[in-house]
Amino acid sequence: MVSRVNTVAFQGVEAVIIDVQVMIAPGKMGMSIVGLPDKAVAESRERVQAALHASGLSMPPKKVTVNLAPADLPKEGSHYDLPIAVCLMAALGALPGDALQSYVVLGELSLDGTISAVAGVLPAAIGANRQDKGLICPHACGPEAAWAGAEIDILAPRSLIALANHFRGTQVLSRPEPVMRQRADDLPDLADIKGQETAKRALEVAAAGNHNLLLIGPPGSGKSMLAQRLPSILPPLSPRELLDVSMIASIAGELAGGKLSDRRPFRAPHHSASMAAMVGGGFRARPGEVSLAHNGVLFLDEFPEFTPQVLDSLRQPLETGDCMIARANHRVSYPAQIQLVAAMNPCRCGMAGEPGHRCARGPRCQSDYQARISGPLLDRIDLRIDVPAVSASDLIRPSQAERSHVVAERVARARAIQKRRYETLGLPNVSTNAHCSAALIEQIAAPDAGGAALLKDASEQMKFSARAYHRILKVARTLADLDGAEKVGRLHLAEAISYRMSGERTMSTA
Ligand SMILES: Nc1ncnc2c1ncn2[C@@H]1O[C@H](COP(=O)(O)OP(=O)(O)OP(=O)(O)O)[C@@H](O)[C@H]1O
Ligand SMILES: [Mg+2]
């Protein structure tokens, strides 16, 4: 007789239902797993046998065959331990096979029969819910699974024995509760930064419209400091965004304690990051930094120090908002709607453009360094800001800078205007100006006569690309939203163009 139970395999953030079948038949004693298992799944044989033994069940002296169907889909990860063990227990009569039919099961086993946490419980719970099934998952992941819906039946046992006791009715498991991570007010504050008013204004504009930002300046001027303070002025995630972000974090195994947080992701990978680390791929086609930063910020400090291939791999996700990983046996897509923030020195010695400084290697110092960033990538950055060295008077004078929560309120107001606008236009998936389509921005950011003339002149003189033209309109729309203005005016456009020009100037003074 064959006993069956359902588990999942992951394809991106989608959970595909897998049928685990166990047959105990006369033959040479042993256990074999078929259905394209990877090394971790094949090793589950040892863990399952030990865990059953520790739970007081011995393997029958017969041939045990485990099939993971569909057989042509590769099975990866350690979460197949629990479904295989549960299925075996059903075949041995230790668990009721019929009751298990209404559950999707995943979890890793320790040799002593306890159930350890695994990645991907949230998407598995959502997948199970879609099939009108409950979920059996590790105890540590219960709070995470509970987010998938109040109506799902979730069992989160600590061990195989606890699960058996539940079905026997001797010790019924209670449903886990969804847990939110406590919002610690430990984010660094904008008030720490002295001077740099232009850069702070640009940071506010970038936060308000979700625009990409590049900070260029000499060492020690506060670029990294500025970028690290961006999370303190960004609005919290909406419930919908929260679920999307948590699904990716869950697949990557980064949801500590199964707790979700409404803080926007802020990912700052080191510049030695590989292509697979950045865009995803490698072992199990895991999501990369660009997807882990979905709905949040990807901060690339020391921008030109990243390898040019890694930087250029960001071009597609920046444009489409998702990241497709294609390998011989995998083709998965992860969402990657990010705000790119980058910081760099203008040249290798870091001081190009500073008054009274001459680079030792001459103009090539600057041009060689900046050539590491490709034109198309630069074209995708809306705001480019010079962050000059802080003046002595700014440093010595006591800081009267605005605190982050004041700026955050202005940002939240501008974002609310945008959200309302796009909802009225019937575009619930667009929530910020940066993600609005080019055709639409021409309508909603149509400038007044003075603004239109200015934009025409600037476009002709600076030879803006079509993308640059639209991105300037998007920034101008954000500036108008920050002002609470209905129409984009000449001043808004002038400021938007100045953010674009500042980078063009720095990049071409070599
Ligand atoms: N505007 C500022 N106000 C107050 N302190 C500052 C400011 N700028 C820099 N500092 C001080 O200098 C230190 C270094 O700043 P930060 O790391 O932001 O520089 P950076 O511009 O990123 O330099 P690098 O180009 O070398 O990475 C900070 O930890 C802080 O102590
Ligand atoms: Mg720095």
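Refer to the preceding data block for the structure.
Residues numbered from 1 in each chain as written. Chains lettered and ligands numbered in written order. Predicted model: local features only at pLDDT ≥ 70, side-chain atom pairs only at ≥ 80, totals over all residues. Heavy atoms only, no water.

Report on the overall build of the chain, specifying residues and quantitative values.
The helix and strand inventory of the chain stands at 21 helices and 18 strands. A buried classification covers 53% of the 510 residues belonging to the chain. Considering only residue pairs separated by 6 or more positions, the chain has 73% of its internal contacts joining residues 24 or more positions apart. Total accessible area computed for the chain in this model is approximately 22,400 Å², and 53% of it derives from carbon and sulfur atoms. Counting 55 positive and 51 negative side-chain charges, the chain places the averaged centre of each group 3 Å from the other. (Helix = DSSP H or I, 4+ residues; strand = E, 2+ residues; numbered from the N terminus. Buried < 20%, exposed > 50% of the residue type's maximum accessible area, 1.4 Å probe, protein only. Contact = heavy atoms within 4.5 Å. Areas by Shrake-Rupley, 256 points an atom, 1.4 Å probe, with all protein chains shown as cover. Lys, Arg positive; Asp, Glu negative; His and termini not counted. Charge placed at Lys NZ, Arg CZ, Asp CG, Glu CD.)

Just give me the short version of the packing of aromatic side chains, but keep the residues and values in it.
The full count for this structure, using the stated rule, is two aromatic pairs. With a centroid separation of 6.1 Å and 85° between ring planes, the pair formed by Tyr 103 and Phe 167 is classed as edge-to-face. Residue Tyr 103 is found in strand 5 (residues 103-105), and its partner Phe 167 is found in helix 6 (residues 160-168); the two are separated by 64 residues along the sequence. Under the relative-accessibility criterion, Tyr 103 is labelled buried at 6%. Sitting above the plane of the Tyr 422 ring, Arg 421 keeps its charged end 5.6 Å from the centroid. (Phe/Tyr/Trp six-rings, centres within 6.5 Å; stacked < 30°, edge-to-face > 60°. Lys NZ or Arg CZ within 6 Å of the ring centre and 35° of its normal.)

Go over the site of ligand 1, please, and point to the residues and values.
Taken together, 15 residues are adjacent to ligand 1, and Lys 194, Gly 220, Lys 223, Ser 224 and Asn 345 come closest. At 2.7 Å from an oxygen atom of ligand 1 is found a side-chain nitrogen or oxygen belonging to Lys 223. Alone, ligand 1 offers 630 Å² of accessible surface; in the complex the protein occludes 67% of this. Class assignment for the residues of the shell around ligand 1 results in five nonpolar, six polar and four charged. (Near = heavy atom within 4 Å. Polar contact = N/O pair within 3.5 Å; in protein donor to acceptor, adjacent residues only side chain to side chain. Nonpolar A, V, L, I, M, F, W, Y, C, P; charged D, E, K, R; others polar.)

Let's hear about the sheet that holds strand 18 (residues 383-386): which residues, and what values?
Read from one edge of the open sheet, five strands run 11-14-17-10-18, paired in parallel fashion. Of all strands in the sheet, those with a lone pairing partner are strand 11 (266-267) and strand 18, marking the two edges. Sheet strands touched by helix 7 (residues 197-209): strand 10 (213-216), strand 17 (339-344) and strand 18. Its angle to strand 18, the strand with the most contacts, is close to 165°. (Pairing = 2+ DSSP bridges. Axes fitted to C-alpha atoms, helices over the stretch in contact; angles between N-to-C directions.)

Mind laying out empty space enclosed by the protein, listing which residues take part and the relevant values?
Empty space among the atoms becomes visible once a probe the size of a water molecule is rolled across them. Taken as a whole and judged by the stated rule, the model has one cavity of 30 Å³ or more. Considering only enclosed or pocket space, the largest cavity measures out at about 40 Å³ in volume. Around the largest cavity sit Val 13, Glu 14, Ala 15, Pro 123, Ile 126, Gly 127, Arg 130 and Met 247, which together line it. The biggest single contributor to the lining of the largest cavity is helix 4 (residues 121-130), with four residues. Along the lines of polarity and charge, the residues of the lining of the largest cavity split into five nonpolar, one polar and two charged. (1 Å grid on protein atoms, 1.4 Å probe; cavity = no way out; pocket = protein on both sides within 12 Å on 5 of 7 lines; lining within 4 Å. Points joined across faces, edges and corners; volume = space filled by probe spheres on them.)

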